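Coordinates in review
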Amino acid sequence: MTVRHQHAAHTLVRRSAAVVLAAGTVLGAAGAATAAPAAPAHHRPHHHASYKVDSAQLARGLYQSSYSERNHVLWATTAVGRPPVTQSQLLKVDPKSLKTKAAITPPVTDAATKAVEAVYGVAVDDEHNTVWTTNTRNDSVAVYSQRTGKHLATVPGVKHAREIVVDERHNTAWASGFGDGSIVGFDTRTFKEKKRVTVEGAGTTGLAVNKRTGTVYATDLTNSNIIAVSRYSNEPKLIPTGQGPISIALSRDGRTAYTADNKAGTLSVVDLRKGKVTRSVKTGEAPLSVAADPRSGNVFVANRTPGTTSVVDPRQGSVIATLATGPNPNHVTVARGTAFVVDKAAAGEQLLDSVHRISAKR
């Protein structure tokens, strides 16, 4: 249903303490910010409050990551350059050593140019032992086997597909179509489309799903709303949030949403029942990704421009730690109380991006 709305690698792990400012940050064609190459991070320990950061250079063109509890691996996507994109991989990363265990190259889509079905967004489905990706340049999503790395399916029809999230309980993978304001659900057993809701004039980006109720929430970057879609209705609910929300996470009980407000430089805490922002916390310029830790209740926000990740206590509305996580952090995910941040630092002679593991000190 359509609703009308006004427009609007292989290196040693290091502990890093550097914060490098990124110049020329823009919103790229894949719906994520891009920036000029920056200097490599310093190789020295970095501790802040009760957290430590371990970092390792990984690959060129990192975009997002997703953790598999079933296989105890971190899946990460890479894509280099603009179309025709010939360099893209789905990486299987050891979360302890931060080294790549396997690298899967997507299918070739054009033999003449050697373009591949480049991967950007990523989410694991441990129930079916698969991993889903968004293929932004190809307006599609794809499914791979976690066990073998085999490409299982490509499903077209998601315009400028940006992010994807899996609801294992309800056998659904949700993708955001930034190109047309759509939120598209796929059956994780058959890989077929099962639901589509479009909000005209919206720019859907980040996604989160309440795995108890099945309600999916998307950020509308264009109109500064959260779009909520219930399993039982095709009529979306619009909830106002901070300016330029680009990423979203939910509290453990599903009653609160957290949005990374790219334009405002804030984290918004949103009461989903009341439909309003209850707290707004300054984190840093151009926050690009947010993830909530169900164990501690804290929220991690990757701030693009300062090259930091903020740890926020949403109950107090305060930043409890600001951690250096490489120039141009692009995405953060949390698993077992540990956060993983991927950056677009383009550091060193090989212009590699890095992964950073944020863990609590013991």
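For the structure itself, look to the data block above.
Residues numbered from 1 in each chain as written. Predicted model: local features only at pLDDT ≥ 70, side-chain atom pairs only at ≥ 80, totals over all residues. Heavy atoms only, no water.

Thoughts on the overall build of the protein chain
Helix and strand content of the protein chain: zero helices and 34 strands. Counting only residues that meet the buried cut, the protein chain has 60% of its 362 residues in that class. For the protein chain, the exposed area adds up to about 14,500 Å²; of that, 48% sits on carbon and sulfur atoms. (Helix = DSSP H or I, 4+ residues; strand = E, 2+ residues; numbered from the N terminus. Buried < 20%, exposed > 50% of the residue type's maximum accessible area, 1.4 Å probe, protein only. Areas by Shrake-Rupley, 256 points an atom, 1.4 Å probe, with all protein chains shown as cover.)

Considering the environment of lysine 211
With respect to the element layout, lysine 211 can be found in the loop between β20 (204-209) and β21 (216-220). Exposure remark for lysine 211: the relative accessible area of 45% places this residue in the partly exposed category. In this structure the C-alpha to C-alpha distance between lysine 211 and glycine 254, which are 43 residues apart in sequence, comes to 8.5 Å. When neighbours within four sequence positions are excluded, lysine 211 is seen to be in contact with Val166, Asp167, Arg169 and His170. (Contact = heavy atoms within 4.5 Å.)

Let's talk about the packing of aromatic side chains
Considering all chains together, one arrives at five aromatic pairs under this definition. The interplanar angle of 5 degrees and the centroid separation of 6.3 Å between the aromatic rings of tyrosine 67 and phenylalanine 340 together place this pair among those described as stacked. Remark: phenylalanine 340 occurs in strand β33 (residues 338-343) and tyrosine 67 occurs in strand β6 (residues 62-68); sequence separation between them is 273 residues. Judged by its relative accessible area of 12%, tyrosine 67 is buried. With centroids separated by 6.1 Å and ring planes inclined at 35 degrees, the aromatic side chains of tryptophan 132 and phenylalanine 186 adopt a geometry described as tilted. (Phe/Tyr/Trp six-rings, centres within 6.5 Å; stacked < 30°, edge-to-face > 60°.)

Brief notes about the sheet that holds strand β23 (residues 237-240)
Judged by pairing direction, the sheet is antiparallel, and its four strands sit side by side in the order β20-β21-β22-β23 without closing on themselves. Each edge of the open sheet carries a strand with a single partner, namely β20 and β23. Ignoring which end each strand starts from, the neighbouring axes of this sheet average 25 degrees apart. Note that β20 and β21 share four bridges and pair antiparallel. Its bridge partner being in β21, alanine 208 is matched across the sheet by tyrosine 217. (Pairing = 2+ DSSP bridges. Axes fitted to C-alpha atoms, helices over the stretch in contact; angles between N-to-C directions.)

With respect to the nonpolar core
Ranked by size, the top nonpolar core spans 15 residues in total, and within it Trp132, Val141, Val158, Ile164, Ala175, Phe186 and Phe191 carry the most contacts. Counting residues per element, this core draws most heavily on strand β16 (residues 161-167), which supplies three residues. Ranked by size, the runner-up nonpolar core spans 14 residues in total, among them Leu58, Ala59, Ala76 and Val355. (Core = buried A, V, L, I, M, F, W, Y, C linked by side-chain atoms within 4.5 Å.)

A few points about a positive patch on the surface
Among the surface-exposed residues, Arg169, Lys194, Arg212, Arg231, Arg255 and Arg273 lie close enough to one another that they form a single positively charged patch. Within the secondary structure layout, arginine 273 lies in the loop between β26 (266-271) and β27 (276-282). Residue arginine 273 is classed as exposed on the basis of its relative accessible area, which comes to 65%. (Patch = residues over 30% accessible without salt bridge, like charges linked within 9 Å, V, L, I, M, F, W, Y side chains within 5 Å. Salt bridge = Lys/Arg side-chain N within 4 Å of Asp/Glu carboxyl O. Lys, Arg positive; Asp, Glu negative; His and termini not counted. Charge placed at Lys NZ, Arg CZ, Asp CG, Glu CD.)

Notes on the side chain of threonine 266
Among the secondary structure elements, threonine 266 is positioned in strand β26. What makes threonine 266 buried here is its relative accessible area of 6%. Side-chain polar atoms of threonine 266 contact the side chain of aspartate 261, separated by 2.7 Å. Those residues in contact with threonine 266 that sit more than four places away from it in its chain are Thr259, Ala260, Asp261, Ser280, Val281, Lys282, Thr283 and Pro287. (Polar contact = N/O pair within 3.5 Å; in protein donor to acceptor, adjacent residues only side chain to side chain.)

Quick look at the side chain of serine 182
With respect to the helices and strands, serine 182 occurs in strand β18 (residues 182-187). A residue is classified by how much of its surface remains accessible, and serine 182, at 0% relative accessible area, is buried. Polar contacts involving the side chain of serine 182 include one to the side chain of aspartate 180, which spans 2.7 Å. Apart from residues no more than four positions distant in its own chain, serine 182 is found in contact with Ala175, Ser176, Gly177, Arg196, Val197, Thr198 and Thr204.

Here's the deal with unusual backbone geometry
Omega for the bond connecting proline 83 with proline 84 falls within 30 degrees of zero, at -5 degrees, which places this linkage in the cis form. Looking at where proline 84 falls in the secondary structure, it is placed in the loop between β7 (73-80) and β8 (87-93). In this model, asparagine 171 sits at a positive phi of 50 degrees, which is unusual for a non-glycine residue. Residue position: asparagine 171 is located in the loop between β16 and β17 (172-177). Here the phi dihedral of leucine 351 falls at roughly 55 degrees; this positive angle occurs in a residue that is not glycine.

Concerning the pattern of salt bridges
Applying the stated criterion across every chain yields a total of six salt bridges. Put simply, arginine 357 and aspartate 54 hold a salt bridge, and the shortest N to O gap is 3.2 Å. Of this pair, arginine 357 sits in strand β34 (residues 353-360) while aspartate 54 sits in strand β5 (residues 51-59), placing them 303 residues apart in sequence. For the pair arginine 357 and aspartate 54, one class covers both residues: buried. Residues arginine 336 and glutamate 69 are paired through a salt bridge, measuring 2.9 Å at the closest nitrogen-oxygen approach. Here glutamate 69 lies in the loop between β6 and β7 and arginine 336 lies in the loop between β32 (329-335) and β33, a separation of 267 residues in the sequence.

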